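Topology and contacts: notes
Here's the letter readout for the chains.
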Amino acid sequence: MPKVGMPAIRKPQLINATMEAINSVGLHKASVAMISSYAGVSPAIINHYFGGKNGLLEATMRSVLAQLSEAVQVRLKEIAPDDTVGRIRAIVGGNFDPQQMDSKVVKTWLAFWSLAMHDESLYRLQRVNEKRLLSHLLLELKRELPADRALFVAQGIAALIDGIWLRGALTPTGINSDLAQGLIMDYLEKQLPEEVIARYQNHQC
């Protein structure tokens, strides 16, 4: 987390510079000196306010996660409260939002995941992200399924999101958002009662 007193205008500059550096040369080669050069600031600013590259990566991921949360919330506001399938589709769509598909954001996600296994602060951040996704999914699924089954399906959707996302991120063509959402919705429709699917189809009419 940035220390109190970090100039507001500098933080977005540094976050964008971090993603640009990771996109260009990868996390390990993205030195504090390179990132500060991209941002047009002194390396001392990064070390003072963020404690180094890992602290800056944490701040960058917090920004990315805030954008992800906003993408989900914007979509949910457009869907009727009783449209379970539509609302889950909105949650899935938020995870494949165009902003999240940007090359520098994708590479930043990969860098974050690789470090989260070994850095306590980043690991906690990843756990918050996982719990938030499951919470969103469970809120919708529990209206249609018993609690244990809702959890099972929510975990399945979360695994598909992560797996498809990672697979796409590591392929030359990148993540196919439409295909990803289609595969996940196909899975969901096989897990829900027919009347729930019918209600969703009625909303589409």
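All figures in this text were calculated on a predicted structure; none of them were measured in a lab.

The helix and strand inventory of the protein chain stands at eleven helices and zero strands. When the helices and strands of the protein chain are read in sequence order from the N terminus, they spell out α-α-α-α-α-α-α-α-α-α-α. With the C-alpha coordinates aligned to their principal axes, the bounding extent of the protein chain is approximately 60 × 35 × 30 Å. Here the protein chain holds 205 residues, and 46% of them are scored as buried. Looking at the protein chain as shown, the accessible area adds up to about 10,800 Å², and 55% of this sits on carbon and sulfur atoms. The protein chain carries 22 positive and 20 negative side-chain charges, and their two centres are separated by 9 Å.

So, on to the UniProt feature "DNA-binding region" (unreviewed entry) in the protein chain. According to UniProt, the "DNA-binding region" (unreviewed entry) feature falls on residues 31–50. What you have in residues 31–50 is 80% helix and 0% strand, and the ends, taken at the C-alpha atoms, are 14 Å apart.

On to the layout of surface pockets, then. If you roll a probe as big as a water molecule over the atoms, it shows you where there is empty space left. In this structure, the largest pocket encloses a volume near 280 Å³. Residue lining of the largest pocket: 19 residues in total, with Leu 68, Asn 95, Asn 129, Leu 133 and Asp 162 positioned closest to the centre. Listing elements by their share of the lining of the largest pocket, those giving two or more residues are helix H4 (53–76), helix H5 (84–95), helix H7 (103–116), helix H8 (120–141) and helix H9 (147–169). A per-class count over the lining of the largest pocket returns ten nonpolar, six polar and three charged.

The end-to-end C-alpha separation of helix H1 (residues 10–25) is 22 Å, in line with the 22 Å expected for 16 residues at 1.5 Å each. For H1, the full list of buried residues reads Leu 14, Ile 15, Ala 17, Thr 18, Met 19, Ala 21 and Ile 22. One or two steps after H1, the chain reaches Gly 26, where phi turns positive at roughly 90°.

Here we come to the packing of H5 against helix H10 (residues 177–191). Running from N to C, H5 and H10 cross one another at 145°; their axes reach a closest spacing of 11 Å. As for how H5 packs across H10, the hand of that crossing is right-handed. For the pair H5 and H10, contact is made by Val 85, Ile 88, Arg 89, Val 92 and Gly 93 and by Gln 181, Ile 184, Met 185 and Leu 188, respectively. For the contact of H5 with H10, the per-class residue count stands at six nonpolar, two polar and one charged.

Glancing now at the side chain of Lys 104. Mapped onto the secondary structure, Lys 104 falls in helix H7. Among residues more than four places away in sequence, those in contact with Lys 104 are Asn 16, Met 19, Glu 20 and Asn 23.

Pairs can form between side chains of opposite charge whenever their charged atoms are close. Enumeration according to the criterion identifies eight salt bridges in this entry. In this structure, the salt-bridge partner of Glu 130 is Arg 127, at a minimum N-O distance of 2.5 Å. Taken as a pair, Glu 130 and Arg 127 lie in helix H8 at a separation of three residues, close to a single helical turn. When the shortest N-O distance is used, the salt bridge between Glu 140 and Arg 143 registers 2.6 Å. Residue Glu 140 is classed as buried on the basis of its relative accessible area of 2%. Here the residues in one salt-bridge network are Arg 87, Glu 140 and Arg 143, joined through shared partners.

A few words on the nonpolar core. Of all hydrophobic cores here, the largest spans 63 residues; its most connected members are Phe 96, Trp 109, Leu 141, Ile 157 and Leu 188. Apart from residues no more than four positions distant in its own chain, Leu 141 is found in contact with Ile 88, Ala 150, Val 153, Ala 154, Ile 157, Leu 188 and Leu 192.

Let's shift gears to the packing of aromatic side chains. Overall, the coordinates contain four aromatic pairs when judged by the stated rule. A ring pair is formed by Trp 109 and Trp 113, whose centres lie 5.3 Å apart and whose planes are at 45°; its orientation type is tilted. Taken together, the residues Trp 109 and Trp 113, both in helix H7 and four residues apart, mark about one turn of the helix. The class of Trp 109 is buried, set by a relative accessible area of 4%. Overall, the relative accessible area of 22% leaves Trp 113 in the partly exposed class. Put simply, the rings of Trp 109, Phe 112, Trp 113 and Trp 165 pair up and form one aromatic cluster.

Criteria and thresholds
- Residues numbered from 1 in each chain as written.
- Predicted model: local features only at pLDDT ≥ 70, side-chain atom pairs only at ≥ 80, totals over all residues.
- Heavy atoms only, no water.
- Helix = DSSP H or I, 4+ residues; strand = E, 2+ residues; numbered from the N terminus.
- Buried < 20%, exposed > 50% of the residue type's maximum accessible area, 1.4 Å probe, protein only.
- Areas by Shrake-Rupley, 256 points an atom, 1.4 Å probe, with all protein chains shown as cover.
- Lys, Arg positive; Asp, Glu negative; His and termini not counted.
- Charge placed at Lys NZ, Arg CZ, Asp CG, Glu CD.
- UniProt positions renumbered as here; feature names shortened; annotations may be inferred.
- 1 Å grid on protein atoms, 1.4 Å probe; cavity = no way out; pocket = protein on both sides within 12 Å on 5 of 7 lines; lining within 4 Å.
- Points joined across faces, edges and corners; volume = space filled by probe spheres on them.
- Nonpolar A, V, L, I, M, F, W, Y, C, P; charged D, E, K, R; others polar.
- Expected span 1.5 Å × (residues − 1).
- Axes fitted to C-alpha atoms, helices over the stretch in contact; angles between N-to-C directions.
- Left-handed = near helix turned anticlockwise from the far one by under 90°.
- Contact = heavy atoms within 4.5 Å.
- Salt bridge = Lys/Arg side-chain N within 4 Å of Asp/Glu carboxyl O.
- Core = buried A, V, L, I, M, F, W, Y, C linked by side-chain atoms within 4.5 Å.
- Phe/Tyr/Trp six-rings, centres within 6.5 Å; stacked < 30°, edge-to-face > 60°.

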